[in-house]
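Each chain, letter by letter, is given below.
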Amino acid sequence: MSGAEWMKAKPDATHAPIDLQTDRPHPARVYDYLLGGKDNFPVDRAAGEAGLKANPSSRIPPRENRNFLRRVVDHLAAECGVRQFLDIGTGIPTSPNVHEVAQAVAPDSRIVYVDNDPIVLAHARALLTSKPEGRTEYVDADLRDVDRILCAPQLREAIDLDQPVALLLIAIMHFVGDADRPYEIVQRLVDALPSGSYLALSHLTGDFDATAWERVAAIYAKQGVTMQVRSHEEISRFFTGLELVEPGLPIVTKWRPDADVNASATDTQVAVYGGLARKP
């Protein structure tokens, strides 16, 4: 099942119908549109185009962020020996997905995806399948509901919280405003993981062109979506108490770049910091 075909599929007997909420844009679908995907609706494309008018470079951050995620997961699986991944704020899966990258290195890797967007839930049911040696599960929960995530039976059955886990918070924390205590959320999640675990996090920044991202944030706000870009110093706070892996917290194109990195993209165009850190 590919493209938009899954959106037409009838729900099976084990799942209730999902309200895809096609009357208003969803960050996951707008992100999919900016990546060149097909799992979006006219309202999402309109929001994406409005964002492009406000910041013509808006397609670059999602693409380079996805490349960063791929490199981080490959490093964790191949170099750090991590076999458990908790990906919160999954978004619409874009191949290669976390489980595809991790299980290409280690087929026995176990991945739990977490999101609360109905379109992501529908997509996950259709497409996120594991290699036989490993396991892939999906948790329907809001990032801000830490207890719901950590107590979810799908997580408890797939992940051993006594063994190292890679917590992936990729391009999600800028959708959590200060009023929702983002640093506390991340700290609670990290606290639940054992020593030897990792936090991978990427985050939009206004350090290079604050005005452009203020315009984009205003467009999202009109649709009822919070977007709060943060400075390098503010993003660094998410890694408090952890040991950053080299090269630290650079713009994502400079984090262990490979041939797929857009070397011509400027820091202003990318506007996403990303880092990986180990829990002592």
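Each remark here, short or long, concerns the structure printed above.
These numbers come from a predicted model, not from an experiment.

The seven strands are arranged β3-β2-β1-β4-β5-β7-β6 in an open sheet whose pairing can be described as mixed. Only two strands of the sheet have a single neighbouring strand rather than two, namely β3 (135-140) and β6 (243-244). Pairing between strand β2 (residues 110-115) and β3: six bridges, direction parallel. Residue pairing in the sheet places V114 in a bridge with V139 of β3.

Looking at where T90 falls in the secondary structure, it is placed in the loop between β1 (84-88) and α5 (98-105). Here the side chain of T90 touches D87 through a polar contact of 3.2 Å, landing on its backbone oxygen. Beyond its immediate sequence surroundings of up to four residues, T90 is in contact with R66, Y113, V114 and D115.

Its place among the elements puts P280 in the segment after β7 (272-278). According to the relative accessible area criterion, P280 is partly exposed, its value standing at 47%. Put simply, P280 and P194 are 86 residues apart on the chain and 8.7 Å apart in space, counted from C-alpha to C-alpha.

Okay, the nonpolar core next. One finds F85, L168 and L169 to be the most contacted residues of the largest nonpolar core, which totals 86 residues. With seven residues, helix α4 (residues 60-78) is the single largest residue contributor to this core. Setting aside anything within four residues of it in sequence, one finds F85 in contact with V73, L76, A77, V98, A102, S109, R110, I111, V112, I159, A166 and L168.

Parameters at a glance
Each chain carries its own residue numbering, running from 1 in the written order of its sequence. Local features are withheld for residues below a pLDDT of 70 in this predicted model, meaning they are given only at 70 or higher, and side-chain atom pairs are given and counted only at 80 or more; totals for whole chains, interfaces and linings count all residues. The basis for every side-chain value is the complete set of non-hydrogen atoms in the structure, without hydrogens or water. Whether two strands pair depends on DSSP finding at least two bridges between them. Each helix is a run of H or I in the DSSP string that is no shorter than four residues. Each strand is a run of E no shorter than two, and both are numbered from the N terminus. Identification of polar contacts relies on pairs of N or O atoms within 3.5 Å, with a donor-acceptor requirement for protein atoms, meaning one able to donate a hydrogen and the other able to accept it, and with residues adjacent in sequence counted only if both atoms are side-chain atoms. Here, two residues are considered to be in contact whenever any of their heavy atoms come within 4.5 Å of each other. Burial classes: relative accessible area under 20% of the type maximum marks a residue as buried, over 50% as exposed, and values in between as partly exposed (1.4 Å probe, protein chains only). Within this scheme, the nonpolar core is defined by two criteria: the residues are buried Ala, Val, Leu, Ile, Met, Phe, Trp, Tyr or Cys, and they are joined through side-chain atoms within 4.5 Å.

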